[in-house]
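Overview (structure and organization)
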Amino acid sequence: MKRLAVGTLALGAAAFGYATAIERRHWTLRTVELPVLAEGARPLKVLHISDLHMLPGHHSKQRWVAALDLLEPDLVVNTGDNLAHKQAVPAVLRALGPLLDRPGVFVFGSNDYYGPKPKNPARYLLPKGRKKRVHGLRLPWRDLRAGLVEHGWQDLTHVRRTLDVDGQRVFAAGLDDPHLHRDRYSDIAGQADRNAALRLGVVHSPEPRVLDPFAADGYDLVLAGHTHGGQLRLPGFGALVTNCELDRSRARGASRWGAHMWLHVSAGLGTSPYAPARFACPPEATLLTLVPKPSGGRSARKQTPFEAPSDVR
C-alpha cells in the first residue's frame, strides 16, 4: 500500500508538471474540412482563433499566432477572450499583426470585459445554479476593438454583415457573450442571406439557446470558443466540463447542430493565469477548409485533431 501511495503521488506530480510546464505551451494547429458552402462555390480557408487569454509576457504565443499568417487564410475569425491583463492589448495586436491585413471578423468574450480572478477549480464541477459569478477588474476592450477595427476587421457584435471573401459573398452575424447574458439574438434575428456562398454565425460561448436560433435562421456554420476544449481531458472520457450548457462531447472540434448547420468549437490558445494547466487538450488554432455541400443531402467531415506544420510551431 505504501508503494502504491508513493507511486500514485509520483504519477500525479508528473502529470501536473506536464500539464503546467509543457502541454499548455504546445501550440497546435488543428485542420478541419467542412461541407458548408453553396453549390458551385470555391473552397475557402478560414482561420479560427479563440481564447488567447494574453499576458504581456506571452512572447512565444505571440510569435506562433503571428506565424499563422503563413497559412494564407481567406478569412480570420476571432471568437473572443483575448485579454488576461489590463496592459495586454498591444500584445494581442502584435500577435495578430500580419493577420490584420487579411479579412477578419470578431466578437468578444467575458475575459475581454473583465480580468481573471483566483477561483476554486471545484466550482466548475458544481451545478450551474450553485455558482456565483465573480468579475475581475474591467479590461480595456474598447482599445482592443479600436485596434482591430482600425485595421479593417469587422465587429460582429449584434450586427449582420455581408463580406467579400476571395470574391465570394459571405453573410455573417454575431452576438455578444452569452456567458455574461449580454447576447440579444433579437438584434440579428431573421433568415440569413440565401444567395451567400456561406452563412456564418459567430459567438463566444456556444450556448444551445443561441445555437438553436442560428440553425432556425438558416446559418451554415457557427464558430465559438469559451470551453477550452474542457482544458483538462481524460483519455477515453473526454472533457470533464464545458463551463456552459453545451454537452461534453462537443467541447472542441466540429459537430452537427440540427439537420443543416455545423458547429465548430475551438479549444483556444490560453488559460486563466490562475489555472495555467492543460491535459490531453493542447492549446490550438484551427484552419477550416470550407467546401461545397455534397449533393443528395449527404454530409462529410474530415478532421485532423493535432496536425501542425513545422513553419508555424
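Residues numbered from 1 in each chain as written. Predicted model: local features only at pLDDT ≥ 70, side-chain atom pairs only at ≥ 80, totals over all residues. Heavy atoms only, no water.

1. A short note on the overall build of the protein chain
This is how the line gets drawn: Helix and strand definitions follow DSSP, with helices as H or I runs of at least four residues and strands as E runs of at least two, each counted in order from the N terminus. Only protein chains enter the calculation, and the probe is 1.4 Å; a residue is then buried if its accessible area is under 20% of its type maximum, exposed if over 50%, and partly exposed in between. Any two residues whose heavy atoms approach within 4.5 Å at even a single point are treated as in contact. Per-residue and other accessible areas were derived by the Shrake-Rupley procedure at a 1.4 Å probe size, with only the shown protein chains allowed to occlude residues.
Along the backbone of the protein chain there are six helices and 15 strands. Expressed as a percentage of its 313 residues, the buried residues of the protein chain come to 52%. Long-range contacts, defined as pairs at least 24 residues apart, comprise 76% of the intrachain contacts of the protein chain with a sequence gap of at least 6. Of the roughly 14400 Å² that the protein chain leaves accessible, carbon and sulfur atoms contribute 54%.

2. Side note on the pairing of strand 7 (residues 168-174)
Stated precisely, the cut-off is as follows: Criterion used throughout: strands pair if DSSP finds at least two bridges between them.
Most of strand 7 is tucked away, with six of its seven residues classed as buried. Note: strand 6 (residues 160-165) against strand 7, six bridges, orientation antiparallel. The residue of strand 7 that forms the bridge with T162 is F171. Between the antiparallel neighbours strand 6 and strand 7 lie two residues, among them D166 with a positive phi of about 55 degrees. As paired elements, strand 7 and strand 8 (residues 198-202) share five bridges and run parallel to each other. Within strand 8, the position partnered with G174 by the bridge is V202.

3. Concerning the confidence of the model for the protein chain
This is how the line gets drawn: A residue's pLDDT is the predictor's confidence in that residue, given on a scale from 0 to 100.
Scored by pLDDT, the protein chain has a mean of 89; 83% of the residues are at 70 or more. Ranking the helices and strands of the protein chain by mean pLDDT puts strand 3 (residues 75-78) first, with 99, and strand 15 (residues 302-304) last, with 53. For the stretch residues 305-313, pLDDT sits under 50, and the model shows 27 contacts to residues farther than four places along the chain or on other chains.

4. Examining the sheet that holds strand 7
Sheet strands pair via backbone hydrogen bonds, and the direction of the pair is either parallel or antiparallel. Rules: Where helices are involved, their axes are fitted lines through C-alpha atoms of the stretch in contact, as for all axes, and angles between N-to-C directions lie from 0 to 180°.
One open sheet accounts for six strands, arranged 6-7-8-9-13-12; its pairing is mixed. Strands with a single pairing partner mark the edges of an open sheet, and in this sheet they are strand 6 and strand 12 (253-257). Shown here is a sheet whose adjacent strand axes are inclined to one another by a mean of 25 degrees, direction ignored. The sheet contact formed by strand 9 (residues 221-224) and strand 13 (residues 261-265) spans four bridges and is parallel. Across the sheet, residue A224 finds its bridge partner in strand 13, namely V265.

5. Focus on the pattern of salt bridges
As a working rule, side chains carrying opposite charge can pair if their charged atoms are close by. Selection criterion: Salt bridges are identified by distance alone: a Lys or Arg side-chain nitrogen within 4 Å of an Asp or Glu carboxyl oxygen.
Following the criterion strictly, the structure yields eleven salt bridges and no others. Measuring nitrogen to oxygen at the nearest pair gives 3.0 Å for the salt bridge that ties E284 to R30. Pair noted here: E284 is in strand 14 (residues 284-292) and R30 is in strand 1 (residues 28-37), with a separation of 254 residues, a long-range link. Across the pair, exposure class does not vary: E284 and R30 are buried alike. Residue R209 is joined to D183 by a salt bridge in which the shortest nitrogen-to-oxygen separation is 2.7 Å. Taken together, the positions of R209 in helix 6 (residues 208-216) and D183 in the loop between strand 7 and strand 8 put the pair 26 residues apart, joining distant regions of the chain. According to the relative accessible area criterion, D183 is buried, its value standing at 16%. The network of salt bridges with common partners includes R199, D220 and K293.

6. Some points on the pairing of strand 1
With nine of its ten residues buried, strand 1 lies for the most part within the structure. Judged from the nine bridges that link them, strand 1 and strand 14 form a sheet pairing that is parallel. Bridging from a neighbouring strand, L37 pairs with P292 of strand 14.

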